[in-house]
Amino acid sequence: MSFPPRGGARPRSVRRSFGRNLLGLGFVSPYLVFVAVVFAYPFGFAVWMSFHDYFFTAPNAIVEHPFVGFENYATVLSDPDVLQAFGNIIVFLLVNVPLTVGMSLVLASALNAKLPMRSFFRAAYYVPYVTASVAVVGVWLWLFSGGGLVNKVLGPLAPDPTWLVNETLAMPLIAVFVAWKQLGFFIMLYLAALQNVPKELYESADVDGASPVRKFLSVTVPGVRPATTLVLIVATITGANLFTEPYLLTGGGGPDGASASPVLLMYQQGIEQGNPDVAAAIGVLLVLFVLAVSLINRKLTERG
């Protein structure tokens, strides 16, 4: 004599669709709604906008937005300013991401040791991250202006033209600024990861007579590899979305677009020039660019 499966077919199909723990799904559903409303819907609308002739109209006005295919993308890819902006962001990432990963890991390892005033130093590195960008930018403008403190210290070695109006140095300097400002956040991620590295590994390295550098390379770096993958991806995403720093430090992407970013061009095209369809096309290309770079970083990190 056969019996029907416990719970029936209908609950089993529900579990197959929504998972076994429906209570957990209920807890995360508010955040899923938030992501759908704040991120998924605007991105979907931006993709739709990039394939249509879209422009701003008066409220409640009914206007047709004809489908134009890849015309907006052709406009974007043929614009030298857009190509320069993507080149600028590649320069930014090449300077910012390695600097962020290296400095945050080294400092986190130092701050994880038993040091005097360790709590003070941990808070000190985190302060720039929570400080308003406008206030910090004012300090950097004073430091790196033509008559600023850095040029006075360097004297005849100071670059001419000076830092933020130099086409070669403007974007690397912005990359250093962003790495310094966000360092506290990534140090916090690495400090959390270091708590999961078994102390027995360090004790075994001490028994084998390993130097501090060898312990760092052979124990710490492999032990925090998942955190390194996270830091790489987050630093890439935040760097690709660069806007505030070039807007404030170089007056909107100067000199001659040498520090312009794709997000800054999106603002200029969509808000200042009234071409939201072209701005949406830039945004979609930026998303694809970030996905490609993030996947490459993840593959290289996991392979390493």
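Above this text you will find the structure in question.
Summary of the structure given here. Computed from a prediction, not measured in an experiment: that's the story for all the values here. (Residues numbered from 1 in each chain as written. Predicted model: local features only at pLDDT ≥ 70, side-chain atom pairs only at ≥ 80, totals over all residues. Heavy atoms only, no water.)

1. Things to note about the overall build of the chain
Assigned secondary structure in the chain consists of 14 helices and zero strands. Along the chain, helices and strands appear, N-terminal first, in the series α-α-α-α-α-α-α-α-α-α-α-α-α-α. Along the first, second and third principal axes, the C-alpha atoms of the chain reach 90 × 70 × 35 Å. Looking at the 304 residues of the chain, the share that counts as buried comes to 36%. (Helix = DSSP H or I, 4+ residues; strand = E, 2+ residues; numbered from the N terminus. Buried < 20%, exposed > 50% of the residue type's maximum accessible area, 1.4 Å probe, protein only.)

2. Quick look at unusual backbone geometry
In this structure, the amide linkage connecting D160 to the following residue, P161, adopts the cis form with an omega of 0°. Residue position: P161 is located in the loop between α7 (149-154) and α8 (170-194). In this model, G254 is joined to P255 through a cis peptide bond whose omega is -5°. Here P255 is to be found in the loop between α12 (244-249) and α13 (262-272). Positive phi outside glycine occurs at M117, with the angle close to 60°.

3. Overview of the nonpolar core
Ranked by size, the top nonpolar core spans 56 residues in total, and within it F92, Y190, V224 and F289 carry the most contacts. For this core, the elements supplying multiple residues, two or more each, are α3 (71-77), α4 (80-112), α6 (133-144), α8, α11 (225-240), α13 and α14 (276-303). Ranked by residue count, the leading element in this core is α8, at 13 residues. Among all residues touching Y190, those that are not within four sequence positions of it are V101, S104, L105, A108, V224, A227, T228 and V231. (Core = buried A, V, L, I, M, F, W, Y, C linked by side-chain atoms within 4.5 Å. Contact = heavy atoms within 4.5 Å.)

4. Observations concerning the packing of aromatic side chains
Inspection of every chain in the model, using the stated rule, returns 23 aromatic pairs. Measuring from ring centre to ring centre gives 5.5 Å for F120 and F121, while their planes differ by 70°; the resulting arrangement is edge-to-face. A residue is classified by how much of its surface remains accessible, and F121, at 36% relative accessible area, is partly exposed. Here the aromatic cluster, defined as three or more aromatic residues joined through ring pairs, consists of W140, F144, W163, F177 and W180. (Phe/Tyr/Trp six-rings, centres within 6.5 Å; stacked < 30°, edge-to-face > 60°.)

5. Focus: the pattern of salt bridges
Side chains carrying opposite charge are able to pair once their charged atoms draw close together. Enumeration over the complete set of coordinates arrives at one salt bridge. As a salt-bridge pair, K215 and D206 come within 2.8 Å of each other at their nearest N and O atoms. Assessed through its relative accessible area of 44%, D206 is described here as partly exposed. (Salt bridge = Lys/Arg side-chain N within 4 Å of Asp/Glu carboxyl O.)

6. Some thoughts on the side chain of H65
Tracing the backbone shows H65 in the loop between α2 (22-50) and α3. Among the polar contacts listed, one links the side chain of H65 to the backbone oxygen of D53, at a separation of 3.2 Å. Non-local contacts of H65, meaning those with residues more than four positions away in its chain, are made with W48, H52, D53, Y54 and F55. (Polar contact = N/O pair within 3.5 Å; in protein donor to acceptor, adjacent residues only side chain to side chain.)

7. Quick look at the side chain of N88
Locating N88 in the fold gives a position in helix α4. Owing to a relative accessible area of 9%, N88 belongs among the buried residues under this scheme. A distance of 3.0 Å separates the side chain of N88 from the backbone oxygen of A260, its partner in a polar contact. When residues no more than four places from it in sequence are discounted, the contact partners of N88 are M171, G257, A258, S259 and A260.

8. Some thoughts on the packing of α4 against helix α10 (residues 212-223)
Relative to each other, α4 and α10 sit at 100°, their axes nearing to 12 Å. Overall, the two elements α4 and α10 adopt an arrangement that is roughly perpendicular. Judged by residue contacts, L105, V106 and S109 of α4 engage F216, T220 and V221 from α10. When the residues that make up the contact of α4 with α10 are grouped by side-chain class, the tally is four nonpolar, two polar and no charged. (Axes fitted to C-alpha atoms, helices over the stretch in contact; angles between N-to-C directions. Parallel < 35°, antiparallel > 145°, perpendicular 65-115°, else oblique. Nonpolar A, V, L, I, M, F, W, Y, C, P; charged D, E, K, R; others polar.)

9. A short note on the packing of α4 against α11
The interhelical angle for the contact between α4 and α11, taken along N-to-C directions, is 145°, at an axis separation of 10 Å. You can see that α4 and α11 cross each other, and the crossing is right-handed. Of α11, the residues touching α4 (which contributes I89, F92, L93, N96, V97 and V101) are T228, V231, L232, A235, T236, G239 and A240. For the contact of α4 with α11, the per-class residue count stands at nine nonpolar, four polar and no charged. (Left-handed = near helix turned anticlockwise from the far one by under 90°.)

10. Points about α10
For α10, the complete set of buried residues consists of K215, V219 and T220. Buried residues of α10 fall within an arc of 85° about the axis and therefore sit on the same side. Taken together, the buried residues of α10 touch α4, α8 and α9 (199-207). (Arc of directions from axis to C-beta.)

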